[in-house]
Amino acid sequence: MSAGNRTVFRLQWSPVFAGALTAAALSTILIGFAAAVGLDVSSSSPSWCDASAALALLSGLYLILQALVSFGVGGYIAGRAQRVIGSAPADVTENRDGLHGLTAWAFAVILGTAIVALVGLSVTRPTIQSRPSVTAAEPLLSAELDRLYRSLRRPANIDIGYERAEAGRILLTSSGHSGISTEDHSYLIQQVAASTGLAAAEAEKRVDSVIGDARTAIQRSRRSSVIFAFSAAAALLFGAVIAWAAACAGGRHRDGAALPEWLGGRPTTAVPVV
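The structure presented is a predicted model; accordingly, all values stated were derived computationally and were not measured.

Colleague: Outline the nonpolar core, listing residues and values.
Modeller: Judged by nonpolar contacts, the single largest core of 20 residues is most densely connected at L141, L148, Y149, L171, L188 and V207. Beyond its immediate chain neighbours, meaning those up to four positions away, L171 contacts L141, L145, I180, L188, V210, I211, A214 and I218. Counting residues in hydrophobic clusters, the runner-up holds 15 residues, among them A20, L63, A78 and A234.

Spelled out as structure tokens, the structure:
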């Protein structure tokens, strides 16, 4: 291969960054609209455990749809904004355009992941520093823990943060195959009775009710997590495919060809041969 042909495979980083930034920005906007209307697979709200499976599936489908739109636009920009260097066969040019779209997709994914990680750290760090006893059960089972320790006779300025965290760790085991052990069940009843002033029978009734609610909440949260993980993986996979295809279409548009119909181009009509 001559030195002139080697430049065909050289990446142009300006179109790649432009496509990646556009894809990341458009994806953020679309996800923001979805969160505003309630199409969000995960939520910090205690009432999220009441979300239906249909809403979780709809949220997952929207996640895939926004990935197709965002990465499609970003891939098109990455292919359209390239400068043609030298001459090359059509298949080589198309592969080069697709490679730029795929690279823009990769940068957009890395950028989006970094933003989500930074936002997650900034949100969780103040909570961890102010309440060192908070566990993973607190955002998921906060409503159940509130009902468990609800009392009108508790003395003022009594901190039960450690008791809530300990009860949360016990409630998390309710979704396992063996469930909550007999020892933990008895200990939880004693703890609730001591913290709320309820009689042993009333404390046991409340504990059993909360255990059932916690098991249901954990199962629904697990279902939503599975749907979200599958939807996110499918969105990334389909995003890579659409970024490659859109970049190739953008390259053909750059070279003077018409856009395909799936990118908004006008349908071509066959001219009858007389």
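Colleague: How would you summarise the environment of G112 if you had to cite specific residues and measurements?
Modeller: Relative to the assigned elements, G112 resides in helix α4 (residues 90-130). For G112, a relative accessible area of 27% gives the class partly exposed. For the pair G112 and A23, spaced 89 residues apart in the sequence, the C-alpha separation amounts to 9.5 Å.

Colleague: Tell me about the pattern of salt bridges, and name the residues and values.
Modeller: Considering all chains together, one arrives at five salt bridges under this definition. D146 is the salt-bridge partner of R164, the closest N and O atoms lying 2.8 Å from each other. Of the two residues, R164 sits in helix α7 (residues 161-172) while D146 sits in helix α6 (residues 142-148), which places them 18 residues apart along the sequence. For R164, a relative accessible area of 11% translates into the label buried.

Colleague: So what's going on with the packing of aromatic side chains? Residues and values would help.
Modeller: Evaluated as defined, the whole model comprises three aromatic pairs. Ring centres of W13 and F107 lie 5.9 Å apart, and the angle between their planes is 85 degrees; on these two criteria the pair is classed as edge-to-face. Of the two residues, W13 sits in helix α2 (residues 13-36) while F107 sits in helix α4, which places them 94 residues apart along the sequence. Judged by relative accessible area, which is 42%, W13 ranks as partly exposed. By relative accessible area, which is 31% here, F107 ends up partly exposed. An aromatic cluster is present here, built from W13, F17 and F107 joined pairwise through their rings.

Colleague: Which residues make up the environment of T28, and what values do they have?
Modeller: With respect to the element layout, T28 can be found in helix α2. For T28, a relative accessible area of 54% gives the class exposed. For T28 and S70, which are 42 residues apart along the polypeptide, the C-alpha to C-alpha distance reads 9.1 Å.

Parameters and conventions
Residues numbered from 1 in each chain as written. Predicted model: local features only at pLDDT ≥ 70, side-chain atom pairs only at ≥ 80, totals over all residues. Heavy atoms only, no water. Core = buried A, V, L, I, M, F, W, Y, C linked by side-chain atoms within 4.5 Å. Buried < 20%, exposed > 50% of the residue type's maximum accessible area, 1.4 Å probe, protein only. Contact = heavy atoms within 4.5 Å. Helix = DSSP H or I, 4+ residues; strand = E, 2+ residues; numbered from the N terminus. Salt bridge = Lys/Arg side-chain N within 4 Å of Asp/Glu carboxyl O. Phe/Tyr/Trp six-rings, centres within 6.5 Å; stacked < 30°, edge-to-face > 60°.

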